[in-house]
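Single-letter residue listing:
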Amino acid sequence: MKEMPAGAYLRLANLVKSYDGVINAVDDISLDIARGEFITLLGPSGSGKTTTLTMVAGFETPTRGSILLEGRDLVVLKPWQRNIGMVFQSYALFPHMTIEKNVAFPLRMRGIAGDELRRRVADVLELVGLSAFSQRHPRELSGGQQQRVALARGLVFRPDVLLLDEPLGALDKNLREQMQVEIKRIHRDVGITMIYVTHDQTEAMTMSDRIAVFNAGHIEQVAPPLDVYHRPATRFVGEFIGDSNFLSGIVASRDPF
């Protein structure tokens with residue numbers, strides 16, 4: 001098995017995904033992610049970012065390439081064997097269950113019960129600020145509160161990596177901004193590795209340790225937010241991030257003096 005490079009916790013190596021054998025939705029991407037890092041996959045619709053996320057989760061199988069978590073090959077494992085959490089845009093909460101039971105569900109599926117289950121659920125509900133709502137049902141909560149429940153459910157079983165697929169897309173602007181702050185606070189408090197998918201440049205710039213900019217199945221640039229903004233590696237990145245002016249010119253001399 002390949003050795004992990006220094007600082008790499010999760011490694012995507014030469015990852016390819018084709019649904020028809022002709023066009024690659026994800027086309028030979030490689031990405032190293034550090035333990036505890038908050039990395040955002042940013043790009044327009046159809047750029048391959050969500051397909052990449054679902055391959056890490058195990059919902060899609062790569063056509064080629066490898067996904068290594070601390071040197072362990074995830075591709076050969078089923079989704080429930082990977083110890084990876086997922087938060088969806090649609091929340092995907094069970095409407096007939098209380099908040100407490102929604103959050104406890106992943107623990108019950110793993111055979112955790114009794115005092116240990118109750119303690120973990122109470123701890124994570126306190127983390128997301130919903131201790132007082134444990135006996136309510138999802139329909140009795142606001143959109144922002146429901147998204148916090150989804151976060152709690154994704155964290156309660158202590159995953160190695162938490163994946164977030166455009167989790168704030170269904171919220172209005174004010175709630176979205178509040179939840180950006182909440183997610184970053186939770187990331188800081190828990191220290192878990194998070195991979196966040198969005199097409200919103202502001203979200204990516206605000207929340208990320210690094211941004212991987214996707215375009216047509218490729219990664220155009222991976223860098224901290226300010227580097228992506230001030231030093232775009234390609235024309236696409238320069239056009240996609242922020243507001244840009246492109247000026248044509250001629251290099252008159254390469255002599256620095």
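Residues numbered from 1 in each chain as written. Predicted model: local features only at pLDDT ≥ 70, side-chain atom pairs only at ≥ 80, totals over all residues. Heavy atoms only, no water.

Asker: Hey, could you go over the overall build of the protein for me, with residue numbers and the actual values?
Answerer: From N to C terminus, the protein includes eight helices and 10 strands. Against the 2.2 N^0.38 benchmark of 18 Å for 257 residues, the protein shows a C-alpha radius of gyration of 20 Å, consistent with a compact globule. Projected onto its principal axes, the C-alpha positions of the protein cover 75 × 45 × 35 Å. Each of the 257 residues in the protein was classed as buried or not, and the buried ones make up 47%. Counting contacts in the protein only where the partners sit at least 6 residues apart, residues at least 24 apart contribute 67% of the total. (Helix = DSSP H or I, 4+ residues; strand = E, 2+ residues; numbered from the N terminus. Rg over C-alpha atoms; globule rule 2.2 N^0.38 Å. Buried < 20%, exposed > 50% of the residue type's maximum accessible area, 1.4 Å probe, protein only. Contact = heavy atoms within 4.5 Å.)

Asker: Give a detailed account of helix α2 (residues 99-109), specifying residues and quantitative values.
Answerer: When α2 is considered as a whole, its buried residues turn out to be Ile-99, Asn-102, Val-103, Ala-104, Pro-106 and Leu-107. Lining the buried residues of α2 we find α3 (114-127) and α4 (143-155). A positive phi of about 80° marks Gly-111, the residue just after α2.

Asker: Could you give an account of the sheet that holds strand β5 (residues 72-73), naming the residues involved and the relevant values?
Answerer: Spatially, the four strands line up as an open sheet ordered β2-β1-β4-β5, and their pairing is antiparallel. Each edge of the sheet is formed by a strand with only one pairing partner; in this case those strands are β2 (24-33) and β5. Examined bridge by bridge, strand β4 (residues 64-69) and β5 share two bridges and lie antiparallel to one another. Along β5, the bridge assignment pairs Leu-68 with Asp-73. Against the sheet, helix α1 (residues 49-57) engages β1 (10-18), β2 and β4, with an angle of about 115° to β1. (Pairing = 2+ DSSP bridges. Axes fitted to C-alpha atoms, helices over the stretch in contact; angles between N-to-C directions.)

Asker: Requested: an account of the sheet that holds strand β6 (residues 84-87), with residues and values cited.
Answerer: As summarised here, the arrangement of the six strands in space is β6-β7-β8-β3-β9-β10, forming an open sheet in which the pairing is mixed. The open sheet has two edge strands with one neighbour each: β6 and β10 (218-223). Neighbouring strand axes in the sheet, compared pairwise and without regard to direction, differ in orientation by 20° on average. Here strand β3 (residues 38-42) runs beside strand β8 (residues 193-198); their pairing, made up of five bridges, is parallel.

Asker: Kindly report on the pairing of β1, identifying the contributing residues and their values.
Answerer: Counting buried positions over the nine residues of β1 gives seven, a clear majority of the element. One ladder, built from seven bridges, connects β1 with β2; its direction is antiparallel. Residue pairing for β2: Leu-10 is matched across the bridge by Ile-33. Alignment of β1 against β4, held across five bridges, turns out to be antiparallel.

Asker: Describe the nonpolar core, and please don't skip the residues or the numbers.
Answerer: Residues Val-103, Val-121, Leu-151, Leu-162, Leu-164, Ile-183 and Met-194 are the most contacted members of the largest nonpolar core, which totals 36 residues. Only α2, α3, α4, β7 (161-165), α5 (173-190) and β8 provide two or more residues apiece to this core. (Core = buried A, V, L, I, M, F, W, Y, C linked by side-chain atoms within 4.5 Å.)

Asker: Give me the side chain of Arg-82: which residues, what numbers.
Answerer: Position of Arg-82 among the secondary structure elements: in the loop between β5 and β6. Buried charge Arg-82 goes without a salt bridge, the closest partner of opposite sign being Asp-73 at 7.1 Å. A polar atom in the side chain of Arg-82 sits 2.9 Å from the backbone oxygen of Val-56. With sequence-adjacent residues up to four places away left out, Arg-82 is seen in contact with Met-55, Val-56, Ala-57, Gly-58, Arg-72, Leu-74, Val-75, Leu-77 and Asp-160. (Lys, Arg positive; Asp, Glu negative; His and termini not counted. Salt bridge = Lys/Arg side-chain N within 4 Å of Asp/Glu carboxyl O. Polar contact = N/O pair within 3.5 Å; in protein donor to acceptor, adjacent residues only side chain to side chain.)

Asker: Give me the lowdown on α4, citing residues and values where you can.
Answerer: Every α-helix winds through 3.6 residues per turn, so residues three or four apart in the chain are directed the same way. Under the 1.5 Å per step criterion, the end-to-end length of α4 is 19 Å for 13 residues, consistent within 8% with the ideal 18 Å. Where burial is concerned, most of α4 is hidden: 10 out of the 13 residues are buried. Every buried residue of α4 is listed here: Gly-144, Gln-146, Gln-147, Val-149, Ala-150, Leu-151, Ala-152, Arg-153, Gly-154 and Leu-155. Against β6, α2, α3, β7 and α5 lie the buried residues of α4. (Expected span 1.5 Å × (residues − 1).)

Asker: Just give me the short version of unusual backbone geometry, but keep the residues and values in it.
Answerer: One non-glycine residue, Asp-28, lies in the positive phi region at around 60°. For Asp-28, the location among the structural elements is in strand β2. Its relative accessible area of 44% is what places Asp-28 among the partly exposed residues. Backbone geometry at Glu-166 places phi at a positive 45°, although glycine is not the residue there.

Asker: If you had to explain the packing of α4 against α5 to someone new, which residues and values would you point to?
Answerer: Close contact between α4 and α5 brings their axes to 11 Å; oriented N to C, the two are set at 20°. As far as their axial angle goes, α5 and α4 are roughly parallel. For the pair α4 and α5, the crossing hand works out as right-handed. On α5, the residues that touch Gly-144, Gln-147, Arg-148, Leu-151 and Leu-155 of α4 are Leu-175, Met-179, Glu-182, Ile-183 and Ile-186. Here the contact of α4 with α5 is built from residues that sort into six nonpolar, two polar and two charged. (Parallel < 35°, antiparallel > 145°, perpendicular 65-115°, else oblique. Left-handed = near helix turned anticlockwise from the far one by under 90°. Nonpolar A, V, L, I, M, F, W, Y, C, P; charged D, E, K, R; others polar.)

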